Amino acid sequence: MKRIYSSGLLFSLLFVACQEKAKEESMEPETPVWDEVIVHEEYSGTEPTTPEETEFYEPKVPVVNPTSQNGAPSDAIILFDGSSLDNWISAKDSTAAKWHLNDDGSMTVNDKTGDIQTKQNFGNIQLHIEWRSPLPVQREGQNRGNSGIFLNGLYEVQVLDNNDNPTYVNGQVASIYKQHVPLAMASVPTGDWNSYDIIYHAPEFNDEGGKIKSGTMTVIHNGVLVQDHIEIKGTTPYIGWPKNPVHGKGPLILQDHGDDSRVSYRNIWVREL
């Protein structure tokens, strides 16, 4: 027998059917979204069956004597060996650096004379630098043995006497100032020499001035990894957000905190990467 539905009833039946279908679809498991799988094309195709097929002898690896320059590698650029401040100038007016040159092969911040910077500009580098906070201890917090090392003249690795001296952790010793908290506090006793070994890769910018690749930094403090290939989000200001000005190579800057910090430095060298 042929059934005849009114338009209202037909609409109701269609509505119910659509609801049931939607309910069924909502119960279906979601299609999983997989991370993109990494494939190394050089290892595709027929797999080698002899060891010689996966050995190569070119290009030759450069030979570097790791200690030939009084403890620095043979290909390092020596920025300070204790003999003079000839490789440094005032950061504010490019005159001769006015910090104290000491008999023990170190230099010490000359209070309120300003930051000093290298005459030479650098991009990607491996940096070795040693520093010492002073004795006797004076003041506390950010005003105790405060200085800083600025890569590319813009990105600060904090120098601070944190021994029994807590402060905000993104501004403590070995922090990337106001950006990255160190993984550990690895300072030696106040008055002893600390070392930083830093791997720095500069950011990259497009023709319109936009940052297309962030810089990165790895910091080893007295042999302890404290910054593990972190992303540099921009400049490291005391107040405000990081900024990303377009730049190329830049100097290494050492900070005069302006509070009689008396921080000393020695054995500074870089390898360009």
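Structure shown above.
Quick caveat: nothing in here was measured; it's all calculated off a predicted structure.

A. Structural detail: the sheet that holds strand β5 (residues 116-118). Across the sheet, which stays open at both edges, the five strands sit in the order β2-β5-β14-β7-β8 with antiparallel pairing between neighbours. Single-partner strands in this sheet number two, and they are β2 (88-90) and β8 (155-159). Bridge count between strand β7 (residues 147-151) and β8: five bridges; the pairing is antiparallel. Residue pairing for β8: Phe 150 is matched across the bridge by Glu 156.

B. View of the side chain of Asn 163. Secondary-structure assignment places Asn 163 in the loop between β8 and β9 (193-201). With a relative accessible area of 18%, Asn 163 lands in the buried category. At a separation of 3.0 Å, a polar atom in the side chain of Asn 163 contacts the side chain of Thr 190. Not counting the four nearest positions on each side in its chain, Asn 163 is found in contact with Arg 144, Met 185, Ser 187, Val 188, Pro 189 and Thr 190.

C. How the structure looks around the pattern of salt bridges. With the rule as written, the count across this model stands at four salt bridges. Where Asp 104 meets Arg 132, a salt bridge forms, and the shortest distance between an N and an O atom there is 3.6 Å. A residue pair is termed long-range when its members are at least 10 positions apart, and Asp 104 in the loop between β3 (100-101) and β4 (107-108) and Arg 132 in strand β6 (residues 125-132) qualify at 28 residues. Exposure remark for Arg 132: the relative accessible area of 23% places this residue in the partly exposed category.

D. Fine view of the packing of aromatic side chains. Under the counting rule described, the total for this entry stands at four aromatic pairs. Relative to Tyr 200, the ring of Tyr 155 has its centre 6.2 Å away and its plane inclined at 40°; by these criteria the two rings are tilted. With Tyr 155 in strand β8 and Tyr 200 in strand β9, this pair connects stretches of sequence that are 45 residues apart. Relative accessible area serves as the criterion here: at 1%, Tyr 155 is assigned to the buried category. By relative accessible area, which is 1% here, Tyr 200 ends up buried.

Calculation notes
Residues numbered from 1 in each chain as written. Predicted model: local features only at pLDDT ≥ 70, side-chain atom pairs only at ≥ 80, totals over all residues. Heavy atoms only, no water. Pairing = 2+ DSSP bridges. Helix = DSSP H or I, 4+ residues; strand = E, 2+ residues; numbered from the N terminus. Buried < 20%, exposed > 50% of the residue type's maximum accessible area, 1.4 Å probe, protein only. Polar contact = N/O pair within 3.5 Å; in protein donor to acceptor, adjacent residues only side chain to side chain. Contact = heavy atoms within 4.5 Å. Salt bridge = Lys/Arg side-chain N within 4 Å of Asp/Glu carboxyl O. Phe/Tyr/Trp six-rings, centres within 6.5 Å; stacked < 30°, edge-to-face > 60°.

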